[in-house]
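The lines below spell out each chain.
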Amino acid sequence: MTNRRTFFQAAGATLVGATAVSRVGAAMLPEAVSQASPLTQPPPAPPNGRPFNPVLTLNGWSLPWRMKDGVKEFHLVAEPVVREIAPGMKANLWGYNGQSPGPTIEVVEGDRVRVFVTNRLPEVTSIHWHGQRLPNGMDGVTGLTQPGIAPGKTFVYEFVARRAGTFMYHPHADEMTQMAMGMMGFWVTHPRDIGTMRVDRDFVFLLNAYDIDPGSFTPRVNTMLDFNLWTFNSRAFPGIDPLVVRQGDKVRIRVGNLTMTNHPVHLHGHEFEVTGTDGGWVRPQARWPEVTADVAVGQMRAIEFVASEPGDWAFHCHKSHHTMNAMGHDVPTMIGVDQRGVAEKITQLMPDYMAMGDKGQSMGGMEMPIPENTLPMMGGEGPFGGVEMGGMFTVMKVRAEQKPGDYSDPGWYRHPPGTLAYEWQGGMPATQRNESPGGHLMQPTGKSAPIEMTVRKPSGHSGHQ
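How each quantity is defined
- Residues numbered from 1 in each chain as written.
- Predicted model: local features only at pLDDT ≥ 70, side-chain atom pairs only at ≥ 80, totals over all residues.
- Heavy atoms only, no water.
- Helix = DSSP H or I, 4+ residues; strand = E, 2+ residues; numbered from the N terminus.
- Buried < 20%, exposed > 50% of the residue type's maximum accessible area, 1.4 Å probe, protein only.
- Contact = heavy atoms within 4.5 Å.
- Pairing = 2+ DSSP bridges.
- Axes fitted to C-alpha atoms, helices over the stretch in contact; angles between N-to-C directions.

Scanning the protein from terminus to terminus reveals four helices and 25 strands. Expressed as a percentage of the 465 residues in the protein, the buried residues total 46%. Looking at the protein alone, contacts between residues at least 24 apart form 74% of all its contacts between residues at least 6 apart.

Another aspect to go through is the pairing of strand 23 (residues 379-382). Consecutive side chains along a regular strand alternate between the two faces of the sheet. Bridge analysis of strand 23 against strand 24 (residues 385-389) gives three bridges, and the strand direction is antiparallel. Across the sheet, Gly382 pairs through a bridge with Gly385, a residue of strand 24. Where strand 23 folds back onto strand 24 in an antiparallel hairpin, the turn is made up of two residues.

Our focus in this paragraph is the sheet that holds strand 6 (residues 105-108). Taken together, the four strands give an open sheet; going across it, the order is 6-11-10-8, and neighbouring strands pair in mixed fashion. At either end of the open sheet lies a strand with only one pairing partner, and these are strand 6 and strand 8 (128-130). Across the sheet, the mean angle separating the axes of adjacent strands is 25° when strand polarity is ignored. Judged from the five bridges that link them, strand 10 (residues 165-170) and strand 11 (residues 185-190) form a sheet pairing that is antiparallel. From the neighbouring strand, Gly165 faces strand 11, where its bridge partner is Thr189.

What follows concerns the sheet that holds strand 25 (residues 393-399). The pairing of strands in a sheet comes from backbone hydrogen bonds and takes either a parallel or an antiparallel form. Strand order in this open sheet of five strands is 14-25-22-16-20, and the pairing throughout is mixed. Pairing within the sheet leaves two strands with one partner each, and these edge strands are strand 14 (243-246) and strand 20 (292-295). The sheet shows a mean angle of 20° between the axes of neighbouring strands, direction not considered. Where strand 16 (residues 263-267) and strand 22 (residues 311-317) come together, three bridges link them in antiparallel fashion.

Counting buried residues in strand 25 gives seven out of seven residues, a clear majority hidden from the surface. Side chains Phe393, Val395, Lys397 and Arg399 project from strand 25 onto one buried face, and the interleaved Thr394, Met396 and Val398 project onto a second face that is buried too. Relative to strand 25, strand 14 runs parallel, the two being bridged by four bridges. Bridge assignment links Val244 to a residue of strand 25, and that residue is Lys397. Two elements, strand 22 and strand 25, share six bridges in a ladder whose sense is antiparallel. Following the sheet pairing, Phe315 is matched in strand 25 by Thr394.

Here's what the structure looks like:
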């Protein structure tokens, strides 16, 4: 990654308006910092400007800036990128500054911000600053508020970050293609008062989805709903980093949704409150406790809680298909179907064939050949075996010994004695056959048996029995 010293030493130009940069101005652009690593980059303290408490972008990073005459200048480059979805699979996407999603932009309420946007895509693009209050000509809608940014051109957006909150950025040009290819990013405007809404750990990430055929690298951009890869910041479990916190920390998780459907995000072991939306902070009297928050298309939700319970707690989308990879939507249900005879014949031609689905979809430690550059439906190893999850799933690791500001993975949780579920080794109770007060046999526990039922037809309607 280009270091901050060379970035902040670069010269700058003062150009106002969402307009093309002149040839003279192009020679004075801020450096376009790039990042290739798919791992979470710890947030550095702001080197200049107003102080703020930086966020941690899950499997991402925050974009450096330079100060030019009191203006924060950023440089975004829209370009093709290669993103590792998880170890063993990469995708040809479009993004910003080497990654998809692009880097998080962090500013402070009241900052004057200037963003240079260079287009290295094969078609025109623009950037819409989703949720921001700004001059109409900076809103980034191609054809309506500006001409498109042609390939090879650089435009400048300049406005004041008028209100604190959590926002997103994405194109408003050929959106179906460009957003399906991964063009999006996070924007955080911190409160002017550094003590306002302060938390100990502040995580951000975007929800996104792709339809990539097994063995291929490029998303199908015409897909509307039947996606097969559901991701946090373009990473699928087990490639998603954990959310590491110190026990007792006040934690905020900001989630933005730029997919084609809603996502009920669910946290285990803790209850939380929704404290922020795209429109700003939620008043304390308007909050209520939850364990699941639905994030609709185009929305952002910030949740807050105290990480009081030590352990490894699941955090995931509660749509079951969204915690799987490489989902096939045309696979028939084979539960209860005896496939032994067919399987024996097929294995004579295909020795690696494996009958699937007759007892359910659990992989159960089975390994089967899959095309190159394809993720298994469920993967990842936990301390007790395979974690049968994929897609939009990660783990929040709460540790008492974690140091403030330390985001390194502490490993798996060691359960104190008497706090771990265990297998019953004793005998099973005898089956009870209970009779109802009327003498009718009730359903016994543990095995099937005939059931007598008394049926009474509804009555009481005039003229009908």
